[in-house]
Each structure stands twice: as C-alpha cells, then as structure tokens.
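# Chains, contacts and geometry: an overview
The chain contents come next:
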Amino acid sequence: MLTRRTLIAAGLAGSSLSAFAQFRVEISGVGATQVPIAIPRFRDEDKAAQQVSAIVRADLERSGFFRPVEVNGTALDETAKPAMGEWRARSVDALAAGSVQRLADGRVDVRFKLWDVVKGSELGGQASAVDPADLRLAAHRIADYIYEKLTGDKGVFSTRIAYVTRGGGRYTLRVADADGEGGQVALNSPEPIISPAWSPDGRELAYVSFESQKAVIYAQDVMSGKRRPIANFRGSNSAPAWSPDGGTIAATLSREGGSQLFLMDRNGGNVRRLTSSSAIDTEPCFSPDGRTIYFVSDRGGGPQVYRVAAGGGGVERVTFAGSYNISPAISADGRTLAYVTRQGNSFKLQTLDLSTPGSQPTSLTDTSDDESPSFAPNGKLIIYATRAGGRDVLMTTTLDGRIKARLVSTTADVREPTWGPYGR
Amino acid sequence: MNTTSKTHLPKIALAAFAAAVLAGCSSVPLDENKGGAPVESRNTTGSGAGGASSGTAQSKVTPVDLSKTDNGAMGNLPRVVFFDFDSYVVKDEFRSTIEGNAKLLSADRKKKVTIEGHTDERGGREYNLALGQKRAEAVQKALALLGAGNEQMESVSFGKERPAVQGSDEAAWAKNRRAELVYR
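This write-up is about the structure you can find in this document. (Residues numbered from 1 in each chain as written. Chains lettered and ligands numbered in written order. Predicted model: local features only at pLDDT ≥ 70, side-chain atom pairs only at ≥ 80, totals over all residues. Heavy atoms only, no water.)

## Looking at the overall build of chain B
From N to C terminus, chain B includes four helices and four strands. Counting helices and strands in the order they occur from the N terminus, chain B gives α-β-α-β-α-β-α-β. Taken over 184 residues, chain B has a buried fraction of 38%. Of the contacts formed within chain B by residues at least 6 apart in sequence, a portion of 70% connects residues at least 24 apart. A total accessible area of about 10500 Å² is found for chain B, and carbon and sulfur atoms account for 56% of it. (Helix = DSSP H or I, 4+ residues; strand = E, 2+ residues; numbered from the N terminus. Buried < 20%, exposed > 50% of the residue type's maximum accessible area, 1.4 Å probe, protein only. Contact = heavy atoms within 4.5 Å. Areas by Shrake-Rupley, 256 points an atom, 1.4 Å probe, with all protein chains shown as cover.)

This is how it looks when you write it as structure tokens:
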C-alpha cells in the first residue's frame, strides 16, 4: 500500500479560524484509477489568508482518486487559454486554474475554471465572493465541484465534522472542516462531553454534558453558541439522535428505570417511550427515510444491533455475528450498517450489507480500538476514532476499507467524531 | 507543636492541622550544616492525617478533598460498592455498606443521596453509561429494600467517563467498576 504524507501549509496561522489542534493528513491506499490533475497556485492567493489551491489539492488527493501533478512556476488563472497539447505532454488529464481577489467591501472573490485536458474542453467553473473567514470553505467547494465533475459523485469536502477532545483535565466539543482543519471550540467544559450529533440542517449539535454531575442532553446552535437543555429527567439522559426531518429526537432515558429508548420533539417536549424491555436499549439511529430506528440492546444476552419502526412495534435483530456489537450508523442510501464489534479484547469497525439478508460483516481496519463510526453524507466514507501510536486519532475510510486518511491531532486525545450534513 | 499520637484527622480540623504543620516547621532546629549534607529528620511522627510514618519525604502534602460535600459528616461510613466485570449484582460482601447507608437514610427522611454508577474503561461509551446506570439502580433497590425512600435517592451513571483509578489492568479496572453514594 502506498503511503503519502501531506502537510497542510502553515498558512493557516494567519486565519482567524486557526486550530488549537493542528492536523496532518496521512493517506494510505489508492483508488482503482487516479486522475492526474494539475492545480497551479491561484493568482494572488499568496495575498490571502488561505492557500486555496493547496487546500483543493489536498482534498482531492485525500479522496484517493486524484494525483496532483507538480506545476511549479506555472502562472495561470481562470481567464487563461491553456495549451492542451503541452498539458497532455505532462501526462495531465485535468487542469484547474483560478484567482483570488480582495474586493473593496472586504469580501474575497474566488474564481476558477476546470478543463478536461484529454478532450481539450472546458468543463466549467465558478466565481463567488465570500467573507474572508469563509475562504477555506470556498476552497473546499471548489474541490467538491472538481470531484463531482470528474467522478460523478457528490463531494463532501465542504462538510464539517464535530468531535470531542480531552486534555489537561478539560473536555472540548469542536467543529472542524471535513479535512480536520479549521477546528473551533463549540463547548469547553471541566466535565465530560459525549455523543455529539449533528442536526440534519447542520445548524445544531446535540450532545451529552456531565456539567451538572449527571448525563443531560443539550442542543446548541453552532453559529451563535446558544444552547438549550433537551432532556434532563431523573437519572441519565443520553445518546441523542435526530430524525431526518429534524423534528424528533430519539434518546436513551432512565427516567422510568433502566436505559430505554424514548422519542421527543426537538424542543424536548412530548416525550413518549419507544422500547419496553428489561434490558439495556440505547444508541438509537434513524434510517435515512426516518421510518426505522436502529439501536443497541442486550435483551438477547450481549449488546447487539436491532431495529424497530419509528412509530413503535416489533423489534427485529440485525447483527448476528459476534457476541458484542454496538454503535450503529447507517449510510445515506440505507443499505450499509457500520458498527463496532468486540473480538476478544479488540474493538473493530465493521460494515454489514443490509440489502442482502444473511450477508456476513466486513472488517475495515487493522486497528483494534475502533469506536464511533459515522458516515459522510455521500455515504462513501466513514469517519471513526481509533488508537494508533499511543494516541486517540480520527480516521476516514472508504467503504471497502482500501483508502484511509488519518487526521492526526498533535495535542489532546480526540474521540467521538460525527460527520455533518451537506449544505453549510 | 509536635504531636506524637496518631489520630484520625477530622475534616473540620483542617485549619488546626495547617497551623500545626506550620508551627512544626518553625520549631525544628536546623543541624549545623558544615558538610553540606541535607537536613533529614524532623519530629513528624503521627502529625500527618491518617498516621504518616516517620521517614516520609519532607515535601509530602496530604490532600483533603472537599469536592464531595458533606461527606465528612458521614464519618467512617463506607460509600462505595464494587462490581464484577459485566455485572450489576450487589455482592454479599457489601451488605454492611448497604445496611449502614439504608439506616442513615431511613433515620432522616430529609437526607438525599445520589448513587453514581461507573464502569471500567473497556467497551462503548453509551453502553457503559447504561451499565453504570444498572449498577446505581441495583444499589438503590438494595437500599430501598432496607428502608430507604426512593424519593431520597437518584441513580445516575458516569459510564466509563470518570475512573477512580487510571490504568489498563485488572487491578485498576476492578476499582473502577463501582457505585458511589454521594450525599447532597
């Protein structure tokens, strides 16, 4: 397997979004076909806080489906008429060029164009004026555009992730770009924070906070920081999960004894019980059509993944291999279940094809301390936490396990990643 | 002031203890130090909390933890129950702990206690949160059977988030699989 290391440029230091934890991205594995693409520096990007072309190159390289070709010294922008013959001679299949310009009102105008070098034609381009604080986002959107034009799949480079760090006796809930950069603190607490969950519109994070010496669910507006308690009933309140329409939250409550699943409105009202067992029922997860809720129950002895209709009713077991299966996540097309299985002393990320009854699970990793899988909104990547080199780290993997990217924090332990939706 | 009796130090005597240590510091004579050898001995027998023995390092400080309020009033009443792996059964060896706390609660109906359940570090966070909840509730049930009122008790869980002991061996794990009674 090829291993590449990409160091994200220190140009981040000038950004108002500078991360407390700097991530390096390590990639292992390559796609079946890699498109050689040239993305020279955007005209005047050196004058801006972000090196836009570097972010685009890193995004595309991390997907495993592109191989950026070195183009030092080339000066091109979106108005160029590139000599296709020259580029073909350099074994380049696609070319993107652009410019960055500061406008009088303080915004930044970012433009680019994409060419199919093999066919010798323009594929398209975009221009957008953004707040300087959104320059990283503009770069990610360019990477999404290129990715979609050349692979046919929707890119997730402009989505966000949330995760929890622990260090120095403090816990933080952070929001970062999908590449792990630009991390910002959403919540800073002396007590544990667990189980963050993005709302479907990407504006809020639900999470469990122990600040009042018990598990309480909050929802917090990411942009404003305003937060509201969702569930603070007697006992423990945890494992929040949003319905796809954002109107309902499923959670694990012990208010009636034990740990059982309940549904409530997004403001925490209209609480109704969903499961009734004398076992542990927890970790609810809505199917993409909102009609089914997957969850973990040990009603059969050890924890396994089950599912139940969101309106209540019969419970059906889903996982049968192994004696301990937890942390279910469902892909956007509803066909793949990701979860963590315990094998001996190891906890391993696995997937199960839900559309093929009786199929066997697939292991995706070589590590033995995997936790908290979460699908990217295009269903093609999974982010998870694991332990490597003595640290808690975040990883992404393709569904076949062949291409992995490691987001390595240089500071505190990172855990509990959750991938946000499209449409920031 | 040098005390020679080993006494169990009540929390309320913190100020007196501090004063005693400081007084002890000022009254110890330094040896003539011609050879540069470090001063070693002090008469500190029995002046530490819980009976620190002679030969203790000069820099030692014994902490007093005020974070669990009101527990000082409980005196010597044990307030922890430990559990076997994957289990929430209250073992017989903790019967006296349950009895003692049930007695305290049933004697004073205004007394309130939070029972905090914990697990060791192995396994998923949410599943362990639920396991810890089961441990707390098992203790609550045992207390209720011996006369404590349910309205006096709340069972909560920290899962694996708040270990009592760091470490990844059975010795540490055994000390983390617990339920603690915290009087409010």
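## A few points about the packing of aromatic side chains
Inspection of the entire model under this criterion finds nine aromatic pairs over all chains. Between the aromatic rings of phenylalanine 66 of chain A and tyrosine 147 of chain A, the centroid separation amounts to 6.2 Å while the plane-to-plane angle is 45°, which identifies the pairing as tilted. With a gap of 81 residues between them, phenylalanine 66 of chain A in strand β4 (residues 66-68) and tyrosine 147 of chain A in helix α3 (residues 135-151) connect regions that are remote in the sequence. We classify phenylalanine 66 of chain A as buried; its relative accessible area is 0%. Given a relative accessible area of 7%, tyrosine 147 of chain A falls into the buried group. Judged by centre distance (5.2 Å) and plane angle (25°), the ring pair of phenylalanine 210 of chain A and phenylalanine 158 of chain B falls under stacked. (Phe/Tyr/Trp six-rings, centres within 6.5 Å; stacked < 30°, edge-to-face > 60°.)

## What to know about the sheet that holds strand β17 (residues 260-265) of chain A
Residues and elements named next belong to chain A. Strand order in the open sheet formed by four strands is β15-β16-β17-β18, and the pairing between neighbours is antiparallel. Lying at the two open borders of the sheet, with one neighbouring strand each, are β15 (237-242) and β18 (272-273). Two elements, β15 and strand β16 (residues 248-253), share four bridges in a ladder whose sense is antiparallel. If you follow serine 238 over to β16, its bridge partner there is threonine 252. (Pairing = 2+ DSSP bridges.)

## Considerations on the pairing of strand β11 (residues 193-198) of chain A
Residues and elements named next belong to chain A. Burial within β11 is extensive, with six of its six residues counted as buried. Relative to strand β12 (residues 204-209), β11 is paired through four bridges, and the arrangement is antiparallel. Residue pairing in the sheet places isoleucine 193 in a bridge with serine 209 of β12. From the end of β11 to the start of β12, which pair antiparallel, there are five residues, and glycine 202 there has a positive phi angle of about 70°.

## Brief notes about the side chain of aspartate 370 of chain A
All names here are of chain A. Residue position: aspartate 370 is located in the loop between β26 (362-363) and β27 (371-375). Although aspartate 370 is buried, it forms no salt bridge, and the closest oppositely charged side chain is lysine 348 at an N-O distance of 5.0 Å. A polar contact of 2.7 Å, which involves the side chain of aspartate 370, links it to the side chain of threonine 367. Not counting chain neighbours up to four residues away, the residues in contact with aspartate 370 comprise Val340, Phe347, Lys348, Leu349, Thr365, Tyr384, Ala385 and Thr386. (Lys, Arg positive; Asp, Glu negative; His and termini not counted. Salt bridge = Lys/Arg side-chain N within 4 Å of Asp/Glu carboxyl O. Polar contact = N/O pair within 3.5 Å; in protein donor to acceptor, adjacent residues only side chain to side chain.)

## Here's the deal with the pairing of strand β3 (residues 153-159) of chain B
Residue and element names in this part refer to chain B. With seven of seven residues buried, β3 is to be regarded as a mostly interior element. Here β3 shows no split at all, with Met153, Ser155, Ser157 and Gly159 on one side and Glu154, Val156 and Phe158 on the other all buried. Of the pairings in the sheet, the one linking strand β2 (residues 113-118) to β3 comprises six bridges and is parallel in character. When the bridges of β3 are listed, histidine 118 appears paired with glycine 159. Of the crossover connections in this fold, the one passing from β2 over helix α3 (residues 125-145) to the parallel β3 is right-handed. (Right-handed = clockwise from strand over helix to strand, strands pointing away.)

## Focus: the nonpolar core
Residues Phe42, Val52, Val56, Leu60, Ile142 and Ile146 of chain A are the most contacted members of the largest nonpolar core, which totals 26 residues. Taken together, the elements giving at least two residues each to this core come down to α1 (52-62), β5 (94-102), β6 (108-116) and α3 of chain A. With eight residues, the top contributor of residues to this core is α3 of chain A. Setting aside chain neighbours within four positions, we find phenylalanine 42 of chain A in contact with Val52, Ser53, Ala97, Gly98, Ser99, Val100, Val110, Arg111, Phe112 and Ile142 of chain A. Listed in part, the 19 residues of the second largest apolar core include Phe210, Ile217 and Ile230 of chain A together with Phe158 of chain B. (Core = buried A, V, L, I, M, F, W, Y, C linked by side-chain atoms within 4.5 Å.)

## Let's talk about the packing of α1 of chain A against α3 of chain A
Residue and element names in this part refer to chain A. Direction vectors running N to C along α1 and α3 enclose 45°, while the axes themselves pass 8 Å from each other. On the basis of the axis angle, α1 is oblique to α3. The handedness of the crossing between α1 and α3 is right-handed. Residues Val52, Ile55, Val56, Asp59 and Leu60 of α1 pack against Leu135, Arg136, Ala139, His140, Ile142, Ala143, Ile146 and Tyr147 of α3. The residue makeup of the contact of α1 with α3, split by class, is ten nonpolar, one polar and two charged. (Axes fitted to C-alpha atoms, helices over the stretch in contact; angles between N-to-C directions. Parallel < 35°, antiparallel > 145°, perpendicular 65-115°, else oblique. Left-handed = near helix turned anticlockwise from the far one by under 90°. Nonpolar A, V, L, I, M, F, W, Y, C, P; charged D, E, K, R; others polar.)

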